[in-house]
Amino acid sequence: MPAPITAEEIESMILTALPDARIQVHDTTGGGDHYEAIIVSPAFVGKTRVNRHRMIYGALQDAMKERIHALALITMTPEELQQEQASQIVNIQSAKNR
Amino acid sequence: MADAIQAKIDEQVKKNKIILYMKGTPSFPMCGFSAATIQVLDSYNVAYESVNVLDDPAIREGIKRYSNWPTVPQLYINGEFVGGCDIVREMHAKGELEPLILAAQG
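Residues numbered from 1 in each chain as written. Chains lettered and ligands numbered in written order. Predicted model: local features only at pLDDT ≥ 70, side-chain atom pairs only at ≥ 80, totals over all residues.

Caption draft 1: Spotlight on helix α3 (residues 57-67) of chain B. Residue and element names in this part refer to chain B. Of all the positions in α3, only Ile59, Gly62, Ile63, Tyr66 and Ser67 are classed as buried. Across the axial projection of α3, the buried residues extend over an arc of 115 degrees, all falling on one side. Residues of α3 that are buried in the fold lie against α1 (2-15), β1 (18-22), β4 (49-52), β5 (74-77) and β6 (80-83). (Buried ≥ 20, exposed ≤ 12 C-beta atoms within 10 Å, placed from the backbone. Helix = DSSP H or I, 4+ residues; strand = E, 2+ residues; numbered from the N terminus. Arc of directions from axis to C-beta. Contact = placed C-beta atoms within 7 Å.)

Okay, structure coming up:
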């Protein structure tokens, strides 16, 4: 059995392929087998979600086949992140006003 | 042999307007990601075909090659690869999945 992967390893593999990305990797169960990665990079501009995910899978290559059991991906451009953050602030505001 | 599997998958994908390759079945999903995808699909109240990749190792490996996508579940609508669980959920949340499903129904 190959050794379980760590969040740091996943992050560094993605960073090698996308050096300008901002990445957060969470171990969602604490067991080293279910991860969630949020990746924000200008390299995603103009790319479909399928192609963005393929870029990440490409960066992880063999680890994806052998060492990563489950990895949820959220990919955003810096602009999409701003929009997301803005809409969450709006949600919080409207919840307060209710 | 491998080509026969690719041809078989291609036929399934083209023959069914909505088809999900998953682990387990819609009533008994065997993985959280497959279960979450089923939940989204069922919210539209549409008929869809599903293939349990755990039943056939050749399909399980073949589907990854077919779409150049390393994970299951995989959703196809109108012969096109839509995405895996994260993408399906995101499209659902943003209202982008419904038009695809409606188009497949029409």
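Caption draft 2: Representation of the sheet that holds strand β2 (residues 34-40) of chain A in the model. All names here are of chain A. The sheet built from three strands is open, its strands ordered β1-β2-β3 with mixed pairing. Of all strands in the sheet, those bounded by a partner on one side alone are β1 (22-27) and β3 (70-76). Adjacent strand axes in the sheet meet at a mean angle of 15 degrees, parallel and antiparallel pairs treated alike. Note that β1 and β2 share six bridges and pair antiparallel. For Gln24, the partnering residue across the bridge sits in β2 and is Ile38. The sheet strands contacting helix α1 (residues 7-17) are β1 and β2, and the helix crosses β1 at an angle near 155 degrees. (Pairing = 2+ DSSP bridges. Axes fitted to C-alpha atoms, helices over the stretch in contact; angles between N-to-C directions.)

Caption draft 3: Representation of helix α4 (residues 85-93) of chain B in the model. Listed in full, the buried residues belonging to α4 of chain B are Cys85, Asp86, Ile87 and Val88 of chain B. Looking at the packing, one finds that the buried side of α4 of chain B touches α2 (49-66) and β3 of chain A together with α2 (32-42), β5, β6 and α5 (97-105) of chain B. Phi turns positive one or two residues past the end of α4 of chain B, at Gly95 of chain B, with a value near 75 degrees.

Caption draft 4: Spotlight on the nonpolar core. Within the largest apolar cluster, 25 residues are counted, with the highest numbers of intra-cluster contacts made by Tyr21, Val53 and Ile63 of chain B. Looking at this core, the elements with two or more residues in it are α1, β1, α2, α3, β5, α4 and α5 of chain B. Looking at this core, the element that brings in the most residues is β1 of chain B, giving five residues. Beyond its immediate sequence surroundings of up to four residues, Tyr21 of chain B is in contact with Val51, Val53, Ile63, Val72, Pro73 and Gln74 of chain B. Core analysis: the next-biggest nonpolar cluster, separate from the first, contains 16 residues, Ile5, Ile68, Leu71 and Leu73 of chain A among them. (Core = buried A, V, L, I, M, F, W, Y, C linked by C-beta atoms within 7 Å.)

Caption draft 5: Spotlight on the pairing of β5 of chain B. Residue and element names in this part refer to chain B. Burial along β5 is two-sided: Gln74 and Tyr76 and Leu75 and Ile77, pointing in opposite directions, are all buried. Pairing of β1 with β5, which is carried by four bridges, proceeds in the antiparallel orientation. Across the sheet, residue Tyr21 finds its bridge partner in β5, namely Gln74. Counted between consecutive antiparallel strands, the loop separating β5 from β6 contains two residues, among which Asn78 sits at a positive phi close to 50 degrees.

Coordinates in, geometry out; function isn't part of it.
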